[in-house]
Amino acid sequence: MTDITIRRALISVSDKTGIVDLGKALSARRVEIVSTGGTATALREAGLTVRDVSDLTGFPEMMDGRVKTLHPMVHGGLLAVRDDAGHAASMEEHGIGGIDLVIVNLYPFEATVAKGADRETVIENIDIGGPSMVRSAAKNHAYVAIVTDPADYALVEGGTTTIADRKRLAAKAFATTAAYDGAIAQWFAFADQGERFPATLPLTLKRAGDELRYGENPHQAAAFYASTGPAARGIGQARQVQGKALSYNNLNDADAALELVAEFRDAAPSVVIVKHANPCGVATAATLAEAYERAFACDTVSAFGGIIALNRTLDAATAKYITGIFTEVVVAPDADEEAIALFAAKKNLRLLLTGDLPDPARTGIAAKSIAGGWLVQSRDNGSLGEMKVVTKRQPTTQELADCRFAWTVAKHVKSNAIVYAKDGSTAGIGAGQMNRLESARIAAWKAKDAADKAGWDSARTIGSAVASDAFFPFADGLLAAVEAGATSVIQPGGSIRDEEVIAAADEAGLAMIFTGMRHFRH
């Protein structure tokens, strides 16, 4: 069987966008419309003839509308195999008419949760009859078309459906009910029951746009799935103002930049430059333009082709600096018209506007696939709490501020991570090395290289604070920082050789702070 002529349609929608126009198109083709509650009212007010579900079933809607479509007259009409003699006989015996089209969208469960509704209201917005009809119609797609998205109304308004369209609509319908049930299961597990890691973890994801050109490498296929729900906020919900389509690597790097700049959302104007998911320059200053200059100066080589994130509205002065070199993506809460006009001359430069920055302290989970399964953990939303000075010398006010800044950046650098910072900007960053000593040396070397390129008298590691994402297992990494000119250190502590490291710091005259919190990032 291929094309089906629609003779009877059952319509029951929460979102009534476009439903009157569809109803008119179907009525013009002599399709009998069966409907429920508010949908039937909306269609009748538009002058359409509508048959109530209660008339079809012989039972009134009851229990505050909880029971209205859960009936053999409905599901028999949806599930019957039309060319099966036994099914046809049952339909004849019980007076069951076939239903050729179902238009359903479900109670707004996620929107209700996002509004902060009380538990009773949330429960009442769990749709039962809707998903049941969707699944019945989708299972029997050989004979029935199921539409769950107003964007698909055009496929059925002509009064006939093809088997190819019905298959596609059925696949979309099952994905819709799976996502809907997943959202409900997540609410019960996390919000209602307070579980950290439920025995079954349903993840609800929706593909954003078409497939990506490729993944990390051209031989890998890729797509981007954005988190759903009104509370979702981040790169997946950003508005792209201009530029070519984002790649897998662009999205990954833009997310890394946004997560780091969000740490400074309540701070002075701040700029983050990221390359290959690692920050290569971070700074705060009196203006965005000054912050960009200082962040760029940390590593002018790596900044080429990088991703830039800002914690303030992009202005023209900063935009002029950014357009001075090739930049892949700029992420900002907003941009003024002059800045947008300046960027328009750079056709390949993507500009993403996020609105509010995400909350770095928000809860949530992070998941990573491995061979044979998934690793799931709570996201790293840890922040500096009580700090303990473990050396004889206390840090100065400026050293303490630089330690805090370096620690915030180090949280977003791949391990092993070493970050030198001075006066609210990074001086050198060592990332992703197999031992901490090499990270300390690489960060110092990069700082010296930056000074040579800029023509400074000395590297900005002189008088800097150094942050380590995990403890120094030996004193050698600390001594490398001393050699680079650092005068203060911030690290988690907790090594069996802490006393050795503290002694080395005291001997060098450093001030050292233990945080008691590690920030590995792999």
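Above: the structure in question.
Since this is a predicted model, take the numbers as computed values, not measurements. (Residues numbered from 1 in each chain as written. Predicted model: local features only at pLDDT ≥ 70, side-chain atom pairs only at ≥ 80, totals over all residues. Heavy atoms only, no water.)

Glancing now at the environment of Thr391. Its location among the elements puts Thr391 in the loop between strand S18 (388-389) and helix H14 (397-410). In this structure the C-alpha to C-alpha distance between Thr391 and Ala503, which are 112 residues apart in sequence, comes to 8.0 Å. Here Arg393 takes part through its backbone oxygen, which lies 2.9 Å from a polar atom of the side chain of Thr391. (Helix = DSSP H or I, 4+ residues; strand = E, 2+ residues; numbered from the N terminus. Polar contact = N/O pair within 3.5 Å; in protein donor to acceptor, adjacent residues only side chain to side chain.)

As a further point, take the sheet that holds strand S3 (residues 32-35). With parallel pairing, the 5 strands of this open sheet are ordered in space as S4-S3-S2-S5-S6. Unpaired on one side and paired on the other, strand S4 (51-52) and strand S6 (145-147) mark the two borders of the sheet. Summarising the sheet, strand S5 (residues 101-105) and S6 pair through 3 bridges and their orientation is parallel. Of the residues in S6, the one forming a bridge with Ile103 is Val147. This element, helix H8 (residues 129-139), spans strand S2 (8-13), S5 and S6 of the sheet and lies at about 145° to S5. (Pairing = 2+ DSSP bridges. Contact = heavy atoms within 4.5 Å. Axes fitted to C-alpha atoms, helices over the stretch in contact; angles between N-to-C directions.)

Moving on, we get to the nonpolar core. With 39 residues, the main nonpolar core has Ile235, Val272, Val282, Val331, Leu352, Val409 and Val419 as its most contacted residues. Mapped by element, the contributors of at least two residues to this core are helix H10 (248-262), strand S11 (270-275), strand S13 (306-310), strand S14 (327-332), H14, strand S19 (418-422) and strand S21 (465-468). No other element matches H10, which puts 8 residues into this core. Dropping the residues within four chain positions of it, Val282 is found in contact with Leu260, Phe264, Val271, Val272, Ala295, Phe405, Val409, Gly424, Ser425 and Thr426. (Core = buried A, V, L, I, M, F, W, Y, C linked by side-chain atoms within 4.5 Å. Buried < 20%, exposed > 50% of the residue type's maximum accessible area, 1.4 Å probe, protein only.)

Across all of its chains, the model carries 18 salt bridges by this definition. Here Asp152 ties to Lys172 by a salt bridge, and the two come within 2.9 Å at their closest N and O atoms. Linking Asp152 in the loop between S6 and strand S7 (160-161) with Lys172 in helix H9 (residues 163-192), this pair joins segments that are 20 residues apart in sequence. Given the relative accessible area of 30%, Lys172 is considered partly exposed. Between Asp452 and Lys448 there is a salt bridge, with the nearest N and O atoms lying 3.3 Å from each other. Taken together, the residues span about one helical turn, with Asp452 and Lys448 both in helix H15 (residues 436-454) at a distance of 4 residues. (Salt bridge = Lys/Arg side-chain N within 4 Å of Asp/Glu carboxyl O.)

Let's shift gears to the pairing of S5. For S5, a buried count of 5 out of 5 residues is recorded, marking the element as mostly surrounded by other parts of the structure. Taken together, the 5 bridges between S2 and S5 define a ladder with parallel strand orientation. Note that in S5 the partner of Ile11 across the bridge is Ile103.

Once that is clear, we can look at the packing of H15 against helix H16 (residues 475-484). Running from N to C, H15 and H16 cross one another at 10°; their axes reach a closest spacing of 8 Å. When the interaxial angle is binned, H15 and H16 end up roughly parallel. Contacts between H15 and H16 involve Leu437, Ala440, Arg441 and Ala444 from the first element and Asp476, Gly477, Ala480 and Ala484 from the second. Counted by class, the contact of H15 with H16 contains 5 nonpolar, 1 polar and 2 charged residues. (Parallel < 35°, antiparallel > 145°, perpendicular 65-115°, else oblique. Nonpolar A, V, L, I, M, F, W, Y, C, P; charged D, E, K, R; others polar.)

Turning our attention to the pairing of strand S12 (residues 278-284). For a regular strand, side-chain orientation follows a simple rule: the groups alternate between the two sheet faces. Buried residues dominate S12, accounting for 7 of its 7 residues. The sheet contact formed by S11 and S12 spans 6 bridges and is antiparallel. Within S12, the residue paired with Ser270 across the bridge is Thr284. Linking two consecutive strands that pair antiparallel, namely S11 and S12, is a turn of 2 residues; a positive phi of about 50° is found at His276 within it.

Another aspect to go through is the packing of aromatic side chains. If you walk through the whole model with that rule in mind, you get 7 aromatic pairs. An angle of 15° between the planes, with centres 5.8 Å apart, marks the rings of Tyr292 and Phe296 as stacked. Of the two residues, Tyr292 and Phe296 are both situated in helix H11 (residues 288-298); the distance of 4 residues between them amounts to about one turn of the helix. Relative accessible area serves as the criterion here: at 3%, Tyr292 is assigned to the buried category. Using a relative accessible area of 21% as the deciding quantity, one classes Phe296 as partly exposed. An aromatic cluster is defined as three or more aromatic residues linked by ring pairs; in this entry it consists of Phe109, Tyr180, Trp187 and Phe188. (Phe/Tyr/Trp six-rings, centres within 6.5 Å; stacked < 30°, edge-to-face > 60°.)

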